[in-house]
Each structure stands twice: as structure tokens, then as C-alpha cells.
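Coordinate analysis (summary)
Letter by letter, the chains look like this.
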Amino acid sequence: MKQFIRFALIASLAVLCAAPSFAQGEKTIKRKVAIGRFSNETQYSKGLFYNKANDPMRKQALDILSSKLASSGKFILLEREDLDVLVAEASAEMNKIGADYIILGSITEFGRKAEGEQKVFSSTKTQTVEAGVSIRLVEAATGLIIYSDEAKGFAETTTKQTLGIGGTAGFDATLSDKAISAALGQLVENIINKCMDKPWRSYILSVDDGTYVISGGASQGLAAGDNFTVYRKGKIVTNPQTGLKIELPGTKTGTVTVLQSVGDTPETEISFCSYAGDNLDVNALENYYISDK
């Protein structure tokens, strides 16, 4: 009986191992994300010769956020030296930046304190840093803010001496990193979910002898044989309450199939595709978009 049960368990495990994994089979198209206008709105370390462009805390937060997004494996981060200027100039036409989403952030709070306790035979010193971070996620195609939130992070270190034996508590610069990282860590998961929940979009760049050229390539996860839906853009209407322009849902016109991808960088990658479906107006390609859903 025991031998029968053993064989049954082995057979069950074999079936489970051989069964296809739907999670592994799901295709993920990486989103292009640009981080711009990450500013330091606090007064911490802002002296007479403060240079906003070279604010160390601003760069610190930007590096931490970039690292967290990159480690998720779901994004391509676009690095451009003039990104802050482009974001300011683009306004509602942020799709010109070449990203799917723009992240705008700021450090809203930052404080450091040191507390100590002296006893007869021992002493302790605790350094604490608190940081507050605000994030806005903008959809480049529409210029609309699709996510906005703020969070606070804390970091501290304590040293203790007994009868003169123990560590000494000097200035701990790493606490700034840890506090900002803790604050951003609370927001990154929501940023990832918001970006990945919304359909991926691409655009038809040109049509030549029946071959359709679309934006995007291998670094985003596009591969030969992939199929995507082509939509005619919906009508643009204005909400009288807010004054914002809203694009109505598009109409499906057909399907493109990726044949080959080329390009040296994520910004310049393109894919050659075949198309099947209703006739498209090749003189008005801006009226169409491509989606994975």
C-alpha cells in the first residue's frame, strides 16, 4: 500500500512539472519611463552657494528610484541630460519625449536629529533621519496624471558604550539614503502596478510596400511572431467641468504581426510588421495606435 502511494505521489509530481505555467507564458512588454523634475523642496543643506542643478539630495533620490524601477525588470529607463527642460516645454504633449510614462517627484520633508542618554556606566546615542517624498506619474500619450501619492521613510542607528567600551557615533551619511529609499519603496510597487495595468501603446511610423514600421523593439520585449491590435483613435471630447480633453475608446481595425526588429537603443528601435484588417489611411497614420490589449 505504501509503495502504491509513493508511486502515485511521483506520478502527480511529474504531471505538475510537465503542466504549462500560465504565469511564465505571459508576455510582458517593458514600458519606457523617464524621470524628470525630481526636485528638493526642503531647506536642508541649502546654503548661500546652493546650486539647484547639482543638489546632492535630488540626485540621491533620482538614483534610488531609478535603481528600484530597473530592478523590477519591467521598465526601460530613458536617460537624457535635457529631460527637465523637455518636460517643462512639452507640457501636455509629453509623448514627444519618447516615453510611455513620465515620473515627476520631489523631496518634501527631510530632517535629522541625534539623541543621547548618559548613565553612570554607559551611554547611548541615536541618530534618526526622516524623509518625505511625493510622486506623480504622468501618461505621456494624454498628459494626464494617473497616479499621485506621497510617503515617509525613517532610518536610525544607535551606538552604545559601557565603561568606555563600544562604538562611537559619528555622523552617519548613509541614513539619508536609507530614509529616502524607505519612502520611495512604499511608492514603487504602486507605480509598477499603474504602468503595467494600462495597455502598452505603440504607433505606426510609416508604410512601405505593404510593410508597416512601428515604434518599439527587442529591448522592450517585442519578438518575431508577436501580434498586436491596431486601433483607430477615438474622438477627442472636452469635459466641461474640468476643461480637460479626453480621448474616447478607439475602434479596432486589424492586427500587426512583428517580422523583424532593428535599432541600437530603446529610443531608436523599430519593428517591421505585416498587417491584416481594414484598409488604413496611410496619409493619416497619426490617427492610429497599436496596443497589446
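Our subject in this report is the structure included herewith.

1. Here we look at the pairing of strand β14 (residues 270-277)
- Of the pairings in the sheet, the one linking strand β9 (residues 211-215) to β14 comprises 4 bridges and is antiparallel in character. Residue pairing for β14: Ile-214 is matched across the bridge by Ser-271.

2. Side note on the sheet that holds strand β13 (residues 251-262)
- Read across the sheet, 7 strands follow the order β7-β15-β10-β13-β14-β9-β8 without closing on themselves; strand pairing throughout is antiparallel. Edge positions in the sheet fall to β7 (201-202) and β8 (204-208), since each has one partner strand and no second.
- As judged from the 6 bridges shared by strand β10 (residues 227-232) and β13, these two strands associate in the antiparallel manner. Looking across to β13, one finds that Arg-232 is bridged to Thr-251.

3. Considerations on the pairing of β13
- Summarising the sheet, β13 and β14 pair through 8 bridges and their orientation is antiparallel. Its bridge partner being in β14, Val-262 is matched across the sheet by Ile-270.

4. Thoughts on the environment of Thr-251
- Positionally, Thr-251 belongs in strand β13.
- Spatially, the C-alpha atoms of Thr-251 and Tyr-288 are 9.3 Å apart, while their sequence positions differ by 37 residues.
- Setting aside anything within four residues of it in sequence, one finds Thr-251 in contact with Val-230, Tyr-231 and Arg-232.

5. Concerning the packing of aromatic side chains
- On inspection of all chains with the given rule, the structure shows 3 aromatic pairs.
- Relative to Phe-228, the ring of Trp-200 lies with its centre 5.1 Å away and its plane at 55°, an arrangement referred to as tilted. In this pair, Trp-200 sits in the loop between α5 (174-197) and β7 while Phe-228 sits in strand β10, placing the two residues 28 residues apart along the sequence.
- Given the relative accessible area of 5%, Phe-228 is considered buried.
- The lysine or arginine in question, Arg-201, covers the ring of Tyr-289, its NZ or CZ lying 3.7 Å from the ring centre.

Conventions adopted
- Residues numbered from 1 in each chain as written.
- Predicted model: local features only at pLDDT ≥ 70, side-chain atom pairs only at ≥ 80, totals over all residues.
- Heavy atoms only, no water.
- Pairing = 2+ DSSP bridges.
- Helix = DSSP H or I, 4+ residues; strand = E, 2+ residues; numbered from the N terminus.
- Contact = heavy atoms within 4.5 Å.
- Phe/Tyr/Trp six-rings, centres within 6.5 Å; stacked < 30°, edge-to-face > 60°.
- Buried < 20%, exposed > 50% of the residue type's maximum accessible area, 1.4 Å probe, protein only.
- Lys NZ or Arg CZ within 6 Å of the ring centre and 35° of its normal.

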